[in-house]
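Secondary and tertiary structure notes
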Amino acid sequence: RKNFAYKNVHPNPATEPPLPTSEAAQNHTPNPYRNSNITHEKIAAIRAKATNPTPPKIDHCQPSDTYPESFPHFVRGRDSLREYITSLFTSRIAMYDGAMGTMIQNYAKKNKLEEEEYRGERFKDWKCNTKGNNDQLSITQPHIIKGIYKEYLEVGGSDLIGTNTFSSTTIAMGDYEMEDYVYELNYEGARLAREACDEVTAKDPTKPRFVVGAIGPTNRTGSISPSVEDPSARNVTFDELVDAYFEQVVGLMDGGADILMVETIFDTLNAKAALYAIGEYLEFSGLDIPVFVSGTLVDQSGRTLSGQTGEAFYASIRHAKPMC
């Protein structure tokens, strides 16, 4: 029997998750957090139509001497987040949280949170009801959202928190006719989390806190028919999903997100569209941004809604080289 040379190659133990192929990821180049230097026409076009009342601050770098250089300290613009997360995940259990919907419901049990509060002064004359649009609260009731962020950080002890942007895509915001506000929703959701993380980190620099830009599945699926009478019917295309996710990514990164997470995925095609959009952003910006992926197994069969097992789901998206 013929022996091939590769059979004599001894595997080396992995010291970090698989690296994306970009030069920045391969070299562990720190993200400079100077988003104003990212001027690709597609990104500039999204910023140009932003609805923010004042020009948004999109640079989030810190002076290199803000904190000491050795782990567990971290300074934006000086240190590689990929290296830091690898050290963090291999040294202790790290905690991530950020389920905003349940916390907003808990807040509403003790405080008034009706249509008037959802609209705020900004949207008091809006054309349709907005109660239930939790992402909108990042604009109209920022103190509520920032308060929840700080609870996760200070009471829950989270190392990483997800942003209040689960539905902040043009597709999902169509239910409230707020498609034009997607950039601002993502920017504000990430900005408030950035502020909360920085405030808590300043109290204990040995435990840096990080902002995870939450990218939800939208309320449409790319591979499942919305009609039981027509299995071939679709109410969204792959390209439409990519465009929606790309705009969300730009807003999250401009708002100060450290990490991007495609979360609560039940349709693998939606996840692939989100990862494609993230890949486009990374290509246009030249940055190394860690990517997380969270899938949803819908029942005891251990499969996603689109029918894949956890192993099959990972095989479908492993090309994106998510860190976890």
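Per-chain numbering applies: the sequence of each chain, read as written, is numbered from 1 onward. Where local features are concerned, this predicted model is filtered to residues with pLDDT of at least 70; where side-chain atom pairs are given and counted, the filter is 80 or more; whole-chain, interface and lining totals use all residues. Computation of side-chain values covers all heavy atoms of the structure but excludes hydrogens and water.

1. Quick notes on the environment of Glu199
Helix numbers and strand numbers start at the N terminus; a helix is a DSSP run of H or I with at least 4 residues, a strand a run of E with at least 2. Looking at the secondary structure, you find Glu199 in helix 8 (residues 182-203). Whether two residues are in contact is decided by their heavy atoms: any pair within 4.5 Å suffices. Those residues in contact with Glu199 that lie beyond four places of it in its chain are Lys146 and Lys150.

2. Here's the deal with a nonpolar patch on the surface
Taken together, the side chains of Phe4, Tyr6 and Val9 define a hydrophobic patch exposed on the protein surface, amounting to about 350 Å² of accessible area. Inspection of the secondary structure assignment puts Tyr6 in the segment before helix 1 (23-26). Three labels apply to residues, based on accessible area from a 1.4 Å probe with only protein chains included: buried if under 20% of the type maximum, exposed if over 50%, partly exposed otherwise in between. For Tyr6, a relative accessible area of 57% gives the class exposed. Like charges are joined within 9 Å and nonpolar side chains (Val, Leu, Ile, Met, Phe, Trp, Tyr) within 5 Å, but only among residues with over 30% relative accessible area and no salt bridge; these make up the patches. In this description, accessible areas are obtained by the Shrake-Rupley approach with a 1.4 Å probe, and a residue is regarded as covered only by the protein chains that are shown. We define a salt bridge as a contact between a side-chain nitrogen of Lys or Arg and a carboxyl oxygen of Asp or Glu at a distance within 4 Å.

3. As for the packing of helix 2 (residues 41-48) against helix 9 (residues 238-255)
For every element, the axis is a line fit to its C-alpha atoms; helices are fit only across the contacting stretch, and the angle between N-to-C directions ranges from 0 to 180 degrees. Helix 9 packs onto helix 2 with a crossing angle of 75 degrees between their chain directions and a minimal axis gap of 10 Å. Of the possible angle classes, the one that applies to helix 2 and helix 9 is roughly perpendicular. Where helix 2 approaches helix 9, its residues Lys42, Ile43, Ile46 and Arg47 are matched on the opposing element by Asp243, Phe246, Glu247, Val250 and Asp254. Looking at side-chain class alone, the contact of helix 2 with helix 9 contains four nonpolar, no polar and five charged residues. Oblique is the label for any angle not under 35 degrees, not over 145, and not in the 65 to 115 range, which are roughly parallel, roughly antiparallel and roughly perpendicular in turn. Gly falls in the polar group here, along with every residue not listed as nonpolar (Ala, Val, Leu, Ile, Met, Phe, Trp, Tyr, Cys, Pro) or charged (Asp, Glu, Lys, Arg).

4. Some thoughts on helix 7 (residues 142-155)
Take the number of residues in a helix, subtract one, and multiply by 1.5 Å to get its expected span. With 14 residues, helix 7 ought to run about 20 Å at 1.5 Å a step, and its terminal C-alpha atoms sit 19 Å apart, in line with that. Listed in full, the buried residues belonging to helix 7 are Ile144, Ile145, Lys146, Ile148, Tyr149, Tyr152 and Leu153. Buried positions along helix 7 lie against strand 1 (96-97), helix 4 (100-110), helix 6 (137-140), strand 2 (160-162) and helix 8. One or two steps after helix 7, the chain reaches Gly157, where phi turns positive at roughly 75 degrees.

Treat this as a map of the structure, not an account of what it does.
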